[in-house]
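Single-letter residue listing:
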Amino acid sequence: MKMKWWQVGSLGIQHVLAMYAGAIVVPLIVGGALHLTSEQLTYLVAIDLLTCGIATFLQAWKNKWFGIGLPVMLGCTFTAVGPMIAIGGQYGMPAVYGAILCAGAVVVLISPYFGKLRALFPPVVTGSVVTVIGLTLIPAAVNNMAGGQGAKDFGDPANLALSFGVLALIIVLYRCFKGFIRSIAILLGMAVGTAAAAMMGKVDWTAVAEASWIHWPQPFYFGAPSFHGPAVFTMVLVAIVSLVESTGVYFALSDICRRRLTDDDLAGGYRAEGLAIIIGGLLNAFPYTTYSQNVGLVQLSGVKTRSVIYAAAAFLVLLGFVPKIAAVATIIPAPVLGGAMLAMFGMVLAYGVKMLGQVDLTVQENLLIIACSVGVGLGVTAVPNLFAELPTGLRILTDSGIVAGSLTAIILNAVFHFGKARKSAALPLQEQKIS
């Protein structure tokens, strides 16, 4: 059934809200660590939202040159936070964007070859990766449910009441309604939760009052890019690691949408990410990658059309030009976000388990791949200082539970299955066109 424009718009806003917190927290962390002025920080947040929209459009718009053509959202990668702070602190902001530009160019160049590595991602790997993604995201949701990491009222009963109230409302909407209401259950849950929080005095409107109305992008806002070997190498490594994580998201969405991905599809997806990274470097934003939290929303809403993603991309561009509107989303209290995030991230985990249903679990090697990759991914998340003494370059690969778990699954699959008749090969998927 063809959706009306306001239905598409509502679903698009829901996708924006699902990834909004992650999108704005990266510029806030990086800008704070590098001691940017409030004016520079405002620019960084606004340009990030604008570039998120452009990057999302590039990825969703499939053509013969770029784009995966799946309902995927793009945002700045958390993997780049530490390296950007380190590069900016040592060489300055121009070096950060010189490194990002080089990383984007490398991704574009290697995309045809990286796209041919699909043998590295049978269901035992992709299912493990998606499961790890869900498991590593859930602690962030739970922290928000309690009020947010480091909050003075962390664990306050009022915060828990808000978060579990939002979660309960989402479940009720999902149980009692069908069609469009069920599709926007997350959005309605956050709207009602924010209204309840406002009545409890937990909504601060200061950010909205202080935000400007219009913002224009300025290429090379922080100056002409500079290039330093160690900085470039580090950012290229970050970009390649992000491609590994993105591959798991691609396969999860292709499974949800019942569309089998080809080598050319993967190459188009990687090339779109490379172009997004280059645009981020030109506009002095960030490296961009697929956002896994939106996978759960696609599964939960049941809406797989790309028109919704185009609407979300348009909203992000609008928010980038009008910071006053963008600031409205920042007033959603952490407990409200946490309740919604638990449902979405839990759905990512559930879908990873579903993908593992395609794997022959009578093969002991497959069980060991799953056990070790999920164990490493969850272990790094639970004990973030596990690899604190390793060199900075290696910690890019180990500090993220998603990256560590993904690499473990890929390496063990190569050890156990390459050169053999792999029982973990993908089951056939019905080809379907995504509108």
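The rules we used
- Residues numbered from 1 in each chain as written.
- Predicted model: local features only at pLDDT ≥ 70, side-chain atom pairs only at ≥ 80, totals over all residues.
- Heavy atoms only, no water.
- Salt bridge = Lys/Arg side-chain N within 4 Å of Asp/Glu carboxyl O.
- Buried < 20%, exposed > 50% of the residue type's maximum accessible area, 1.4 Å probe, protein only.
- Helix = DSSP H or I, 4+ residues; strand = E, 2+ residues; numbered from the N terminus.
- Polar contact = N/O pair within 3.5 Å; in protein donor to acceptor, adjacent residues only side chain to side chain.
- Contact = heavy atoms within 4.5 Å.
- Phe/Tyr/Trp six-rings, centres within 6.5 Å; stacked < 30°, edge-to-face > 60°.
- Axes fitted to C-alpha atoms, helices over the stretch in contact; angles between N-to-C directions.
- Parallel < 35°, antiparallel > 145°, perpendicular 65-115°, else oblique.
- Left-handed = near helix turned anticlockwise from the far one by under 90°.
- Nonpolar A, V, L, I, M, F, W, Y, C, P; charged D, E, K, R; others polar.
- Expected span 1.5 Å × (residues − 1).

Peer 1: Got a minute to help me understand the pattern of salt bridges in this structure?
Peer 2: In a structure, side chains of opposite charge can pair up when their charged atoms sit close to one another. Evaluated as defined, the whole model comprises four salt bridges. Across the salt bridge formed by Arg258 and Asp255, the nearest N and O atoms sit 3.8 Å from each other. The exposure class of Arg258 is partly exposed, given its relative accessible area of 31%. Judged by relative accessible area, which is 5%, Asp255 ranks as buried. A salt bridge links Asp265 to Arg259, with the shortest nitrogen-to-oxygen separation between them at 3.3 Å. This pair shows no difference in class: Asp265 is buried, exactly as Arg259 is. Each of the salt bridges in this network shares a partner with another, and the network as a whole consists of Lys62, Arg259 and Asp265.

Peer 1: Would you take a moment to explain the side chain of Asn284 for this structure?
Peer 2: Turning to its location among the elements, Asn284 is positioned in the loop between helix 11 (263-282) and strand 2 (288-290). Since its relative accessible area comes to 0%, Asn284 is described here as buried. Polar side-chain contacts of Asn284 include one of 2.6 Å to the backbone nitrogen of Phe222. For Asn284, the side chain forms a polar contact with the main-chain oxygen of Gly281, separated by 3.2 Å. Aside from chain neighbours lying at most four places away, what touches Asn284 is Tyr43, Leu44, Ile47, Tyr97, Phe220, Tyr221, Phe222 and Gly223.

Peer 1: What am I meant to see in the packing of aromatic side chains here?
Peer 2: The geometry of an aromatic ring pair is captured by the separation of the ring centres together with the interplanar angle, meaning the angle of the planes. Across all of its chains, the model carries eight aromatic pairs by this definition. Consider the rings of Tyr43 and Tyr221, whose centres lie 3.9 Å apart with planes at 10 degrees: the pair is stacked. One end of the pair, Tyr43, is in helix 2 (residues 38-60); the other, Tyr221, is in the loop between helix 9 (206-210) and helix 10 (229-256), and 178 residues separate them in sequence. With centroids separated by 5.5 Å and ring planes inclined at 80 degrees, the aromatic side chains of Trp61 and Phe66 adopt a geometry described as edge-to-face. Members of the aromatic cluster, each reached through a chain of ring pairs, are Tyr43, Tyr97, Tyr221 and Phe222.

Peer 1: Can you help me understand the side chain of Gln59 in this one?
Peer 2: If you trace the backbone, Gln59 turns up in helix 2. For Gln59, a relative accessible area of 0% translates into the label buried.

Peer 1: Help me understand the packing of helix 5 (residues 123-145) against helix 15 (residues 334-356), please; the structure alone is not making it clear to me.
Peer 2: Each pair of packed helices gets described by two things: the angle between the helix axes and the distance between those axes. Running from amino to carboxyl end, helix 5 crosses helix 15 at an angle of 165 degrees, the nearest separation of the two axes being 7 Å. The pairing of helix 5 with helix 15 is recorded here as roughly antiparallel in orientation. At the point where helix 5 passes helix 15, the crossing takes the left-handed sense. Of the residues in the contact of helix 5 with helix 15, the class split is 22 nonpolar, ten polar and no charged.

Peer 1: Explanation requested: helix 18 (residues 401-417) in the structure shown.
Peer 2: Side chains that are three or four residues apart share a direction in an α-helix, a result of its 3.6 residues per turn. Between its first and last C-alpha, helix 18 extends 24 Å over 17 residues, near the 24 Å set by a 1.5 Å rise per residue. Burial analysis of helix 18 places twelve of its 17 residues in the buried class, the great majority of the element. When we look at burial in helix 18, the residues that qualify are Gly401, Ile402, Val403, Ala404, Gly405, Ser406, Thr408, Ala409, Ile410, Leu412, Asn413 and His417.

Peer 1: Where do I start with helix 11 in this structure?
Peer 2: The end-to-end C-alpha distance of helix 11, which contains 20 residues, comes to 29 Å, matching closely the 28 Å that a straight helix rising 1.5 Å per residue would cover. Following helix 11 by one or two positions, Asn284 adopts a phi angle in the positive range, close to 60 degrees.

Peer 1: I'm lost on the environment of Val125 in this one. Help?
Peer 2: For Val125, the location among the structural elements is in helix 5. Sequence separation between Val125 and Met355 is 230 residues, and the spatial gap between their C-alpha atoms is 9.6 Å. Apart from residues no more than four positions distant in its own chain, Val125 is found in contact with Leu120, Ala409, Ile410 and Asn413.

Peer 1: Is there a simple way to explain the packing of helix 6 (residues 157-176) against helix 8 (residues 185-199) in this structure?
Peer 2: At a closest axis distance of 9 Å, the pairing of helix 6 and helix 8 adopts a crossing angle of 145 degrees. By crossing handedness, the relation of helix 6 to helix 8 is classed as right-handed. Contacts from Leu162, Val166, Leu169, Ile170 and Leu173 of helix 6 reach helix 8 at Ala185, Ile186, Leu188, Gly189, Met190, Val192, Gly193, Ala196 and Ala197. Partitioning the contact of helix 6 with helix 8 into residue classes produces twelve nonpolar, two polar and no charged.

Peer 1: Could you clarify how one ought to interpret the environment of Thr247 in this entry?
Peer 2: Note on placement: Thr247 falls in helix 10. The class for Thr247 is buried, based on a relative accessible area of 0%. The sequence separation of Thr247 and Gly269 amounts to 22 residues, and the corresponding C-alpha distance is 8.9 Å. Here Thr247 is in contact with Phe114, Phe121 and Tyr270, once residues within four sequence places are set aside.

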